[in-house]
Amino acid sequence: NLSDTCLVRVRPILATNIMLNKTYVSAQMDDSIQLSVTIFPANTTNPNVKWHSTNHGVASVNNGFVRIIGYGLDTIRVRTTDGSNLEAQCIVFCHAPAAENVILSAPNTIYVGDTFHINYQFVPENADARIYRWTESSRGRVISIDSTGTCVANATGNVTITAYIETSDGFSSTTRFSRTLRIRVTNRPTLAESLQLESDTMQISIGEQQVITYTLL
């Protein structure tokens, strides 16, 4: 009845490589992408991995399921948890739409001395675009305009406002175009301070018509 013991230590099989099924994805807003991971060797003792998004404003990731929530670039990373510290990544890019047009508008009535702003709206509204320059055709005589589109009416007359737009698809393609707006500046009307009737009294018969005359002062 003799016996003895032998301590056997089984070494875990560590991962030697990790791969994703995609390394680059071009997506649109609200798209969903399923990433799958492959670990080598197949009999790795601990095949668990950890997912991570480097730009939470662009995409979220849960067990390889990626949802696009914003425009821009994001890197989705997956890492082994068995101590091998291997990592694979997929670059996700969400295109921002380029502006197709811009609508300019100004107050309907503009008087000498007024300060007003040229309003604008890109089409579509979420376009990646900016107005990088404003000009006006009167060279400051009728109006003056600053870099924000704020104007001061200096004199009466007609003037053409030009907005110069730069738009991009959010990555590499940039386009420039311009739009114009025609406006008119007039003198502010003089308001009457008082009204004087031609007569303080009037006699009129039934059925008769008379005109009441007055003078604006």
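See the structure shown above.
Residues numbered from 1 in each chain as written. Predicted model: local features only at pLDDT ≥ 70, side-chain atom pairs only at ≥ 80, totals over all residues. Heavy atoms only, no water.

Undergrad: What is the right way to read the side chain of Thr44 from this model?
TA: Here Thr44 is to be found in the loop between β4 (37-40) and β5 (49-53). Overall, Thr44 belongs to the buried group, its relative accessible area being 7%. Ignoring sequence-local partners within four residues, the contact set of Thr44 consists of Ile13, Leu14, Ala15, Ile39 and Asp82. (Helix = DSSP H or I, 4+ residues; strand = E, 2+ residues; numbered from the N terminus. Buried < 20%, exposed > 50% of the residue type's maximum accessible area, 1.4 Å probe, protein only. Contact = heavy atoms within 4.5 Å.)

Undergrad: Looking at this model, I keep getting lost on the environment of Leu217. Mind explaining?
TA: Position of Leu217 among the secondary structure elements: in the segment after β20 (214-216). Residues Leu217 and Glu193, 24 residues apart in the sequence, show an inter-C-alpha distance of 5.8 Å. Residues within four places of Leu217 in sequence aside, it is in contact with Ala192, Glu193, Ser194 and Gln196.

Undergrad: Can you walk me through the pairing of strand β10 (residues 101-105) in this structure?
TA: Of the two faces of β10, only the one carrying Val102 and Leu104 is buried; Asn101, Ile103 and Ser105 on the other face are not. Bridge analysis of β10 against strand β13 (residues 119-123) gives five bridges, and the strand direction is antiparallel. Its bridge partner being in β13, Asn101 is matched across the sheet by Val123. (Pairing = 2+ DSSP bridges.)

Undergrad: Got a minute to help me understand unusual backbone geometry in this structure?
TA: Both trends apply: most residues other than glycine have a negative phi, and most peptide bonds are in trans. Here the amide bond leading from Phe40 into Pro41 is cis, since omega sits at -5 degrees, within 30 degrees of zero. Among the structural elements, Pro41 can be located in the loop between β4 and β5. With an omega of -5 degrees, the peptide bond running from Val123 to Pro124 counts as cis. The residue Pro124 is located in the loop between β13 and β14 (128-136) in this model.

Undergrad: What's the story with the sheet that holds strand β2 (residues 24-27) in this structure? I'm lost.
TA: In a beta sheet, neighbouring strands are held together by backbone hydrogen bonds and run either parallel or antiparallel to one another. The sheet built from four strands is open, its strands ordered β2-β9-β8-β5 with mixed pairing. This sheet does not close on itself; its edge strands, each paired only once, are β2 and β5. Sheet twist, expressed as the mean angle between neighbouring strand axes with direction ignored, is 20 degrees. Looking at chain direction, β5 and strand β8 (residues 72-80) are connected through five bridges and run antiparallel. In the sheet register, Val49 faces β8, and the bridge partner there is Thr80. (Axes fitted to C-alpha atoms, helices over the stretch in contact; angles between N-to-C directions.)

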